[in-house]
Each structure stands twice: as structure tokens, then as C-alpha cells.
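Take a look at the letters that make up each chain.
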Amino acid sequence: MLYILDYGAGNVRSLANSIKKLGYDFKWVASPADLEKADALLFPGVGSYWGALHSLRTKGYVEPLKAYIASGKPYMGICIGMQALFDASDEGTETVPGLGIVPGRVSRFSEVDASGRKKSVPQMGWNEARALEREQIGFAEAERYGLSSSSSSSSSSTTQHFYFVHSYRAAYDPKLHAEWALTLTQYGEEVFISSISRGNVFGTQFHPEKSGRAGLELLRAWLHRSCDQSNLAASPSSSAAASTSATPRESSKVKDAEAAGKPRGGKDGLTKRVVACLDVRSNDAGDLVVTKGESYDVREKADEHEQAGADGKGAIRNLGKPVDLAHRYYLEGADEIVFLNITSFRSSPLKDQPMLDVLRLAAAECFVPLTIGGGIKDFVEPDSGVTKSAKEVADEYFRAGADKVSIGSEAVLAVEEMLARQGSGVTDPALVDDSALTGKTGIEMISKAYGAQAVVVSIDPRRVYLQPSDAVPPAHAACVVTGEPGSEDAGKRWWYRCTIKGGREDRDIDVVQLARGVQRLGAGEVLLNSIDRDGSNKGFDRQLVDLVRRSVSIPIVASSGAGVPKHFEDIFVPQPLRTGEAPSSVEAALAAGIFHRQECTIGEVKQHLLATSFNVRSENVQEGASES
Ligand code: 1PR
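Residues numbered from 1 in each chain as written. Predicted model: local features only at pLDDT ≥ 70, side-chain atom pairs only at ≥ 80, totals over all residues. Heavy atoms only, no water.

Remarks on the overall build of the chain
Line of reasoning, step 1. When its secondary structure is counted, the chain shows 20 helices and 28 strands.
Line of reasoning, step 2. The proportion of buried residues among the 628 residues of the chain is 58%.
Line of reasoning, step 3. Within the chain, residue pairs in contact and separated by at least 24 positions form 74% of the contacts whose partners lie at least 6 positions apart.
Line of reasoning, step 4. Summed over its atoms, the accessible surface of the chain is roughly 23400 Å², and 49% of this surface lies on carbon and sulfur atoms. (Helix = DSSP H or I, 4+ residues; strand = E, 2+ residues; numbered from the N terminus. Buried < 20%, exposed > 50% of the residue type's maximum accessible area, 1.4 Å probe, protein only. Contact = heavy atoms within 4.5 Å. Areas by Shrake-Rupley, 256 points an atom, 1.4 Å probe, with all protein chains shown as cover.)

Focus on the nonpolar core
Line of reasoning, step 1. Ranked by internal contacts, the top residues of the largest apolar core, which has 174 residues, are Ile-337, Phe-339, Tyr-397, Ile-446, Val-511, Phe-568 and Phe-595.
Line of reasoning, step 2. Ranked by residues supplied to this core, first place goes to helix H8 (residues 212-228) with seven residues.
Line of reasoning, step 3. The contact partners of Phe-568, leaving out residues within four places of it in the chain, are Val-274, Phe-540, Ala-562, Ala-589, Ala-591, Ile-594, Phe-595, Val-605 and Leu-609.
Line of reasoning, step 4. Formed by 10 residues, the second largest nonpolar core is a distinct cluster that contains Val-275, Leu-340, Val-557 and Leu-590. (Core = buried A, V, L, I, M, F, W, Y, C linked by side-chain atoms within 4.5 Å.)

Regarding the site of the ligand
Line of reasoning, step 1. As a matter of local geometry, the ligand sits amid 25 residues, with Ser-409, Ser-458, Asp-460, Asp-534 and Ser-560 nearest to it.
Line of reasoning, step 2. Note that a nitrogen atom of the ligand is positioned 2.8 Å from one of the backbone N or O atoms of Tyr-296.
Line of reasoning, step 3. Taking Gly-593, its main chain carries an N or O atom lying 2.9 Å from an oxygen atom of the ligand.
Line of reasoning, step 4. For the ligand, the protein covers 98% of the area, taking 770 Å² as the surface of the free molecule.
Line of reasoning, step 5. Breaking the shell around the ligand down by element, the ones donating at least two residues are strand E14 (273-282) and strand E28 (588-591). (Near = heavy atom within 4 Å. Polar contact = N/O pair within 3.5 Å; in protein donor to acceptor, adjacent residues only side chain to side chain.)

Quick word on the packing of aromatic side chains
Any aromatic ring pair is given by two values, namely how distant the centres are and how the planes are angled relative to each other.
Line of reasoning, step 1. Evaluation of the coordinates by the stated rule reveals 16 aromatic pairs.
Line of reasoning, step 2. Ring geometry for Phe-109 versus Tyr-187: centroids 5.2 Å apart, planes at 75 degrees, classification edge-to-face. Residue Phe-109 is found in the loop between strand E6 (102-108) and strand E7 (123-127), and its partner Tyr-187 is found in strand E11 (residues 181-187); the two are separated by 78 residues along the sequence.
Line of reasoning, step 3. Summarising the aromatic geometry, the rings of Phe-164 and Phe-206 are spaced 5.5 Å apart at their centres and angled 65 degrees between planes, so their arrangement reads as edge-to-face. Of the two residues, Phe-164 sits in strand E9 (residues 162-166) while Phe-206 sits in the loop between strand E13 (201-204) and H8, which places them 42 residues apart along the sequence. Comparing Phe-164 with Phe-206, the two get one shared label, buried.
Line of reasoning, step 4. Three or more aromatic residues link up through ring pairs in this structure, and these residues are Phe-109, Phe-162, Phe-164, Tyr-187, Phe-192 and Phe-206.
Line of reasoning, step 5. Cation over ring: Arg-617 sits above Trp-126, and NZ or CZ is 3.9 Å from the ring centre. (Phe/Tyr/Trp six-rings, centres within 6.5 Å; stacked < 30°, edge-to-face > 60°. Lys NZ or Arg CZ within 6 Å of the ring centre and 35° of its normal.)

A word on the environment of Val-46
Line of reasoning, step 1. Relative to the helices and strands, Val-46 is located in the loop between strand E3 (40-45) and helix H3 (49-58).
Line of reasoning, step 2. Along the backbone, Val-46 and Tyr-7 are 39 residues apart, and their C-alpha atoms lie at a distance of 9.1 Å.

Section: unusual backbone geometry
Line of reasoning, step 1. A cis amide bond, omega 10 degrees, links Val-121 with the succeeding residue Pro-122.
Line of reasoning, step 2. A positive phi angle is found at Cys-79, which is not glycine, with a value near 55 degrees.
Line of reasoning, step 3. By the element assignment, Cys-79 lies in strand E4 (residues 75-79).
Line of reasoning, step 4. Its relative accessible area of 5% is what places Cys-79 among the buried residues.
Line of reasoning, step 5. The phi dihedral of Tyr-296 falls on the positive side, at around 70 degrees, and the residue is not glycine.
Line of reasoning, step 6. Among the secondary structure elements, Tyr-296 is positioned in the loop between strand E15 (288-291) and helix H11 (322-332).

Remarks on the pattern of salt bridges
Line of reasoning, step 1. With the rule as written, the count across this model stands at 39 salt bridges.
Line of reasoning, step 2. For Glu-190, the salt bridge goes to Lys-119, with nearest N and O atoms at 2.4 Å. Taken together, the residues span a long stretch of sequence, with Glu-190 in strand E12 (residues 190-198) and Lys-119 in the loop between E6 and E7 at a distance of 71 residues.
Line of reasoning, step 3. For Glu-190, a relative accessible area of 11% corresponds to the buried category.
Line of reasoning, step 4. Between Asp-403 and Lys-210 there is a salt bridge; the shortest N-O distance is 2.9 Å. Highlighted residues: Asp-403 in the loop between helix H13 (390-400) and strand E20 (404-407) and Lys-210 in the loop between E13 and H8, separated in sequence by 193 residues.
Line of reasoning, step 5. Each of Asp-113, Lys-119, Arg-169 and Glu-190 takes part in one network of salt bridges that share partners. (Salt bridge = Lys/Arg side-chain N within 4 Å of Asp/Glu carboxyl O.)

Considering the sheet that holds E11
Line of reasoning, step 1. The mixed open sheet is built from eight strands, whose spatial order is E2-E1-E3-E4-E13-E12-E11-E8. The open sheet is flanked by strand E2 (27-28) and strand E8 (130-131), the only strands paired with a single partner.
Line of reasoning, step 2. Where E4 lies against E13, four bridges are found, and the strand directions are parallel. Along E13, the bridge assignment pairs Tyr-75 with Val-201. (Pairing = 2+ DSSP bridges.)

Examining the side chain of Asn-341
Line of reasoning, step 1. Relative to the helices and strands, Asn-341 resides in strand E16 (residues 336-341).
Line of reasoning, step 2. Once you skip the residues sitting within four places of it in the chain, Asn-341 turns out to touch Val-280, Asp-352, Met-355, Gly-373, Gly-374 and Tyr-397.

Points about the sheet that holds strand E10 (residues 168-169)
Line of reasoning, step 1. Strand order in the open sheet made by the three strands is E5-E6-E10, with mixed pairing throughout. If you trace the sheet from one side to the other, it starts and ends with strand E5 (86-89) and E10, each paired once.
Line of reasoning, step 2. The sheet contact formed by E6 and E10 spans two bridges and is antiparallel. Of the residues in E10, the one forming a bridge with Ser-107 is Arg-169.

Focus on the confidence of the model for the chain
Line of reasoning, step 1. Taken residue by residue, the chain gives an average pLDDT of 87. The fraction at 70 or more is 88%.
Line of reasoning, step 2. Confidence drops under pLDDT 50 across residues 150-157; counting only partners more than four residues distant or on other chains, this segment forms 13 contacts.
Line of reasoning, step 3. This stretch, residues 231-265, has a pLDDT under 50; its non-local contacts, to residues over four places away or in other chains, come to 80 contacts. (pLDDT = per-residue confidence, 0-100.)

Following this line, the structure appears as C-alpha cells:
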């Protein structure tokens with residue numbers, strides 16, 4: 001029997017969904033004693049290393065887990081489930097030893113590479129996994145799992161990509177890892193171990209359950225070897241269990257370049273992400289629909305539509321059913337799907353069962369990362385008067401299949417309160433000291449439990465134009481932008497004010513303050529909307545995006561305004577953010593309207609990006625997909 005170890009942090013439902021989709025059955029590990037019953041074990045570590053290891057230790061899993069691995073039965077660790085095999089990790093405020101199966105320590109990505117080039121941390125997105133050549137068996141072990149081999153590693157159109165989301169990694173050291181590392185991956189200039197394989201132990205830093213068809217095929221290969229064949233006779237190496245008891249295994253050899261820490265090709269393989277967004281709400285008939293408007297107004301113009309209500313407003317635009325559209329975008333090759341529950345702030349998100357059902361159904365069919373936003377906040381249950389925390393709402397979404405949660409209004413209030421606690425006229429959240437942090441905000445609590453990469457903050461800024469005679473408000477001086485010569489904004493000056501409740505309420509905080517504030521609180525990504533550009537088809541607001549990129553080191557998803565594939569090219573073209581700095585750009589861009597109205601497909605956007613020399617994941621799941 002296959003068992004899955006769930007230690008209660010993060011989205012394990014996706015892995016369960018993938019396994020079911022592939023036709024396998026499994027049981028959850030409910031207690032350490034279950035490990036003795038397992039014939040094959042999957043450890044889908046999600047969240048933080050510290051949280052996972054701490055939980056394993058306090059629940060008494062560590063020794064049974066080591067005994068299971070030493071027994072020679074198949075083990076597959078995903079992300080933290082792979083990192084847990086190492087001696088230790090730098091993640092967390094105190095050192096918690098790992099399982100000590102693989103030598104070496106897991107440490108944090110550097111935000112600035114040796115050449116001075118900056119990169120976002122966490123690494124979030126699709127990257128390559130390049131196979132190492134092993135003595136006697138060449139690439140056979142990697143090929144068994146569908147991982148790139150020498151024949152398929154040169155062209156981005158044939159390279160498989162897998163979904164990574166992590167701030168910590170095991171840097172590749174040939175002296176320590178030559179017999180463990182199966183593939184290496186490069187992010188920025190850093191090369192790290194993206195998968196390991198030795199005897200009965202297999203592990204991936206990436207998430208196969210979120211890696212589309214390539215990930216499903218890898219899982220299928222592992223399940224086939226581990227569950228159908230019920231032995232590792234095909235394995236070229238002796239078991240890791242044996243190696244821990246001092247039996248030498250066949251040696252592996254890495255080529256010179258790889259020994260020096262460079263995978264073949266030696267390039268950062270992170271792709272640009274194309275994200276589809278579904279704004280979901282109930283229409284006037286009470287059905288959940290995907291809607292889309294302009295500048296956040298999602299109703300038809302009254303005179304365009306017969307269903308105009310007594311208030312003179314038109315009906316909610318209905319562009320399709322959420323699960324159907326999500327599945328279509330998955331098949332078209334979306335790298336990520338975002339659901340925003342755009343009216344959730346009016347009701348109890350925990351009772352929003354239809355939205356949870358949407359997520360459950362989507363997670364059963366769409367094997368790419370899913371983000372859910374809307375209503376993730378502390379609130380008082382309308383019926384019982386009981387206070388619920390944002391973390392409890394997030395728990396529910398993660399259990400339903402979300403990989404990340406997106407926080408909007410609550411994030412603005414949290415940063416305002418943090419600045420108020422700091423006092424002394426401090427307006428830059430980066431200067432806030434630890435005493436102004438409570439640990440109780442939704443961002444902090446969710447980030448601590450699930451890892452920063454699981455917390456997105458959705459920012460809804462709007463331009464505030466300044467007259468030539470207007471003095472710049474001092475707190476917002478860092479947020480003032482001047483229109484570029486030759487553009488429709490030439491001669492204008494403005495700053496970006498943040499809003500809450502879907503743009504309905506302005507706040508006295510700007511987009512730089514908010515982005516820096518949420519990074520300070522522990523958010524792992526910014527979803528950067530623009531009320532001015534939303535639904536306009538004019539293209540992304542590059543000045544807004546660059547302003548925020550200059551201000552934070554976490555990844556940014558550019559959003560609002562995409563009208564044609566070229567707009568994605570425009571936002572991805574690298575530009576220096578400061579004089580003398582290496583050019584860079586965002587890694588992800590999101591669109592809604594053009595996809596819903598079928599003005600272009602995700603495949604067309606990716607074809608355009610490939611044609612203009614961007615690295616994208618080109619897997620079109622429809623082509624030859626065999627997922628069942
Ligand atoms: O405040 O935590 O409850 O979260 C509410 C969430 O709902 C926020 O993320 C907020 O952005 C979103 N939201 C609220 N009202 C609306 C609305 O449209 N009336 N939608 C709304 C925001 C913006 C984008 C959109 C892009 C791309 N949607 O996500 O998809 O602008 O559109 P385009 O490609 O068609 O230009 P909380």
C-alpha cells in the first residue's frame with residue numbers, strides 16, 4: 001500500500017488528486033506506526049523546513065521515518081520532503097537537524113548573484129531539470145523519470161519544465177552529492193540539486209503534482225516502479241538504506257563542467273510565467289460566474305443590457321463558469337491560475353462553500369499552481385459572533401487545493417497598523433523594527449505556517465495625478481512617477497494610491513509603502529494590479545511595475561491591461577532599474593479579459609514570447625496528453 005505523509009502544513013490535496021488521476025490508491029499516514037505498514041511512501045513537504053521538521057520531531061516521526069528509509073522500501077520526497085533528507089537547513093530561527101540521509105546543508109538563495117545581478121527570492125516558477133550523466137548508466141536513471149537528457153537539453157521548445165517554489169536549496173557540491181544528484185537546475189547564477197535518486201530514495205525540489213503533464217509523467221514513472229513492480233530490481237544502484245549501512249554503491253561521475261557546478265547548457269532556465277486570472281462572483285441570479293469589467297466595474301452598461309436593475313445599473317457580466325474556464329486555461333498551457341472572489345468582503349468566507357467547491361473541482365483537474373484570493377482576513381462570523389483568523393480562512397483554502405492565498409484589503413490595513421505602531425514619523429516599512437511586528441497579522445501567521453511562497457499580496461493601486469503646483473506628499477515622495485516623453489502620459493506626474501475593497505475605498509498609503517510593508521511582514525509575492533489599466537487592453541503599466549520592482553526583492557506578477565500578445569513581450573523586456581544596474585524584468589504576467597473573451601489564447605501569447613526569444617514553458621497539455 002502506498003502511504004502519503006501529511007504533517008498538516010500546505011496543499012497535499014494536489015498530490016492526492018494527481019495520484020488518483022493516475023489511477024493509484026493510497027492511504028494517509030495517521031501515526032508513526034503506519035510507516036511500518038507502508039510499501040511505498042510519499043512525503044509531499046509543503047511549507048517551511050522548520051515547520052515540517054519540528055512537526056515530525058514533536059509527533060515522533062523521525063526515527064520511524066529513518067527506519068522506513070533504511071528498510072529499502074521506496075521513498076519519494078517532494079520539496080521539503082527532499083530537503084528533510086539532508087543534514088540540516090538554514091531555514092527557521094533555530095536549527096532543527098534533518099534526517100541526515102543525504103550529506104550537506106540546505107541554505108538560502110542569494111538575492112544578488114556573484115556578478116551583482118539581482119534575482120527574486122523565492123524562486124517561483126517553471127525551470128528546467130538537467131540530468132547528470134552517471135558512470136555506466138549514463139542518463140538512464142533520469143530518463144526513467146522523463147527528466148531532460150543530453151538529447152533534449154538544448155532547445156527550450158523541447159525541454160521539460162517543472163514548477164519550483166522555494167527560497168532554500170541544496171547547492172550542488174560534487175564531492176558530497178555526485179552519488180545522489182540526479183538533476184541540477186540553475187536559478188540566476190546559482191546551481192542547485194533539483195532531484196536526487198539513490199537506491200530506494202527519490203526526491204524532487206520541484207512539485208511534480210503542479211508541473212502539468214511532465215510532472216504527472218514523472219509521478220507515473222515513480223508509482224509504476226514503486227507500486228506496480230514492488231521492487232527496485234530495475235534500479236542501477238544499491239539502496240540508499242544499504243549505503244547508510246556502509247555498503248558502497250556504484251559510483252557516479254559528473255562531467256567537468258558539472259563538477260564545477262554548472263549543469264549542461266549552464267543557464268538560468270526559469271521561464272516567464274503566463275497567468276490566467278478569474279474574477280469570480282455571484283451574478284444577479286445567484287450563480288457563481290467569472291466576470292470582468294473595466295476599472296473594476298464588472299456590470300454591463302445599463303443601456304447595453306435589458307436586464308438593467310431598478311438602480312439603473314446593468315447586469316453582472318457573465319463570461320463563463322469558473323471551473324470550466326480554469327480547465328480550459330490549464331489545457332491551453334497556463335502556468336498558473338488565480339481565482340479572485342471579488343465580493344467576498346461582504347460575507348463570511350468560511351461559509352463560502354461554492355467558492356471552496358470551485359477550488360476543489362479545479363484542483364482535481366488542473367495540475368498547475370492555483371492561487372485563491374478574496375476575503376482572507378480576520379473576521380467575526382455573522383451568525384455566531386465568533387472571531388475567525390485569516391489563517392483559519394487560509395487553512396480551509398489550502399485544504400481545498402490552493403497552493404497560494406492572495407490577500408488584498410487586509411494587507412493594506414496590516415501595513416498601516418505596523419507603521420502606526422512604529423510611530424516616530426517612520427513612513428518606510430523597510431525601516432520598521434521588530435517591535436512593531438505582532439506576529440498576529442494574516443500575512444505573518446500564514447507565512448509562518450505555510451512558508452512565504454504561499455502568501456501573495458494583491459495590490460489594487462490607482463493613479464493620483466498631481467498638478468504642476470502640487471507639492472508631493474512627503475510620505476509618498478518615493479512613489480512619484482513622471483510620464484515618459486512620447487507616451488500619452490508625457491508631461492503628467494502622479495503617485496499610486498492603494499485601495500481596499502476592490503477599489504471602493506482609498507487609503508493614505510502608496511504602492512511602494514505597501515509592497516515594502518508586505519515584504520517586511522513575510523509575503524512571498526506581489527500580484528500588482530492597476531485600476532487605471534484594468535480591462536483597458538492598453539498594455540501593462542510598466543512604470544508602476546518597475547517602481548515596485550525597485551522597491552522589493554520578492555517576485556511580482558504584473559497584472560491589468562493586457563490586450564495583445566505583444567504586451568507580454570513589452571512587460572518582460574529587461575530594463576535596468578537604476579543607472580549601472582543589469583537589466584531585469586518581472587517573471588510573471590497575468591491577464592483576464594483577453595482570455596475570457598477569446599481574443600487570444602494562452603498558446604498564442606507563448607508562441608509570441610518564444611518567437612521573441614523568451615524562455616517559456618511550451619507544454620501544450622492538449623497535445624498528446626495522456627493524463628488518465
Ligand atoms: O480585499 O482580500 O477581499 O481581495 C479581493 C480581491 O478581489 C483583490 O485581489 C482585488 O484585486 C479583487 N477585486 C475586487 N473587486 C474587483 C473588481 O474587479 N471589481 N478584481 C477585483 C480585481 C483585477 C485583476 C484583473 C486584472 C487583469 N481584478 O485581477 O484580473 O486587472 O484584467 P485584464 O487582463 O482584463 O485587464 P480582498
